[in-house]
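One-letter residues, chain by chain:
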Amino acid sequence: MNAVASFLYHLGIDSPRKWHPLLSVYYLTYACDFRCPHCSDGVGKPYYRLRSPTLSGSRVLDLLRIIRRHSEYLVITGGEPLQHPDFREVMEGLGRLNFRGVILTTNGVALDSLLPAVAPVVTELVVSLQTLDSERADAWYGLGMGTHRRVLANLEQAARHPGRKFEIVISSVVTPENIGDLYGVYHFAKQRGFRLAVCPQLVGVKAHASLAGSPAYRQFYDFLIAEKKRGGRVQGTVDYLEYMRDLRQFACRPFTMLVVSPVGEVFYPCLELGNFAGNLFNEPDLHRLRQAGCACFGPQPKCGTQCHSACALGFSRFFENPASVLHEAALWTRARFRSAL
Ligand code: SF4
Ligand code: SF4
């Protein structure tokens, strides 16, 4: 099923016996040398502490071939995916799988030497950045002085890379410690033509308790919304940003996504809840996996106010308020029109 058919399917049907994801997310490896204080999976454990074997490059490509049968768009994430020992081989093979979009998330520190492998394959390069203050960033990364400067230099190098297919997205986590820093990050991104994607820090599945009701948090999202309305390159619709600002309850649609562990286990219904429906190598039929997951763990849960992540909230608002996407298109057109004058 292509993305348009899948979109219509989720808008009108979403049978509990079928699984037609719009997007697949693959955790290439959980390994990461950074020690960001905000790093957290669904139970509050940092990804770098999760223990999982990794597949060889050729097995990763076998798995991605199965995933490609189910969706046209792929996110490669981690941990730090560039730390996978066969990362270059994965990028080379990925080009032959004809995904319509490949999003790669990275902390950016090892990007320079891998740019030639990334540039022809990846359509969105998402680099984490929480501040422009190198001293603070280096303390958070935990890898010693100079790490943050290297990330910034690699970003500039990525922007200049000849023939790159990707656009650059800066991904920032709003924590109680860095709200003031993020205005600078926004301007840094704006000056370079990068998009900014912002999410609140999640502790497990909930936004950090100090963010809810924080005037500084609210003001920052108000700033992003104002910039967005002026044509700024801020990820998400105005409606989505308002939900993030208010940390409003939303109706999650986890089956819009397929989320896969490093070894091919399929999360049911989402990584945050941590259940597995089965392994794609043993059962490549996603409909059967959804049925198996439902038999073991029950149907889609009704979650409360939680998981204000880009994917969970983004897909929810996409389907609950499709008109907001038209508004987004209008803002985009107006911004392009203005820049052409
Ligand atoms: S770079 Fe990402 S995976 Fe690594 S510690 Fe930071 S948040 Fe966690
Ligand atoms: S809100 Fe969505 S992503 Fe979060 S635990 Fe519930 S189903 Fe999973």
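Structure first, text after, so check above.
Residue numbers here run from 1 along each chain, matching the order of that chain's written sequence. For this description, chains carry letters from A and ligands carry numbers from 1, given in the order in which they are written. Confidence filtering applies because this is a predicted model: local features only for residues at pLDDT of at least 70, side-chain atom pairs given and counted only at 80 or more, and all residues used for totals across whole chains, interfaces and linings.

Caption draft 1: Fine view of the site of ligand 2. Placing the C-beta atom from the backbone, one calls a residue near a molecule or strand if that atom lies within 6 Å of it. As a matter of local geometry, ligand 2 sits amid Val205, Cys252, Pro254, Pro269, Cys270, Glu272, Leu273, Pro301, Cys303, Gln306, Cys307 and Ala312. Note on residue categories: nonpolar means Ala, Val, Leu, Ile, Met, Phe, Trp, Tyr, Cys or Pro, charged means Asp, Glu, Lys or Arg, and polar means any other residue, Gly included. Grouping the constituent residues of the shell around ligand 2 by class yields 10 nonpolar, one polar and one charged.

Caption draft 2: Broad picture of the site of ligand 1. The immediate surroundings of ligand 1 are formed by 13 residues, with Cys32, Phe34, Cys36, Cys39 and Asn107 found nearest. Among the residues making up the shell around ligand 1, the classes are represented as seven nonpolar, four polar and two charged.

Caption draft 3: Representation of the pairing of strand β5 (residues 167-174) within the structure. Any two strands between which DSSP finds at least two bridges are classified as paired. Think of it this way: any DSSP run of H or I at least four residues long counts as a helix, any run of E at least two long counts as a strand, and we number them from the N terminus. Sheet analysis places strand β4 (residues 124-128) next to β5, joined by five bridges and oriented parallel. Across the sheet, valine 126 pairs through a bridge with valine 169, a residue of β5. One ladder, built from six bridges, connects β5 with strand β6 (residues 195-200); its direction is parallel. Of the residues in β6, the one forming a bridge with serine 172 is valine 198. A clockwise path from the first strand over the helix to the second, with the strands pointing away from the viewer, defines a right-handed crossover. What joins β5 to β6 is helix α7 (residues 181-192), and the crossover it makes is right-handed.

Caption draft 4: Broad picture of the packing of helix α9 (residues 238-246) against helix α11 (residues 310-320). All axes are obtained by fitting lines to C-alpha atoms, using only the stretch in contact for helices, and the reported angles, taken between N-to-C directions, cover 0 to 180 degrees. The interhelical angle for the contact between α9 and α11, taken along N-to-C directions, is 130 degrees, at an axis separation of 10 Å. As the angle between them shows, α9 and α11 are arranged oblique. Crossing angle aside, the handedness with which α9 passes α11 is right-handed. Here α9 contributes Asp239, Tyr240, Tyr243 and Met244 to the contact with α11, which in turn contributes Leu313, Gly314 and Arg317. Taken together, the residues that form the contact of α9 with α11 break down as four nonpolar, one polar and two charged. The cut-offs work like this: below 35 degrees is roughly parallel, past 145 is roughly antiparallel, 65 to 115 is roughly perpendicular, and the gaps in between are oblique. Handedness of a helix crossing follows the sense of rotation of the near helix relative to the far helix, less than a right angle counterclockwise being left-handed and clockwise being right-handed. Here, residues touch in the contact sense if the C-beta positions derived from the backbone fall within 7 Å of one another.

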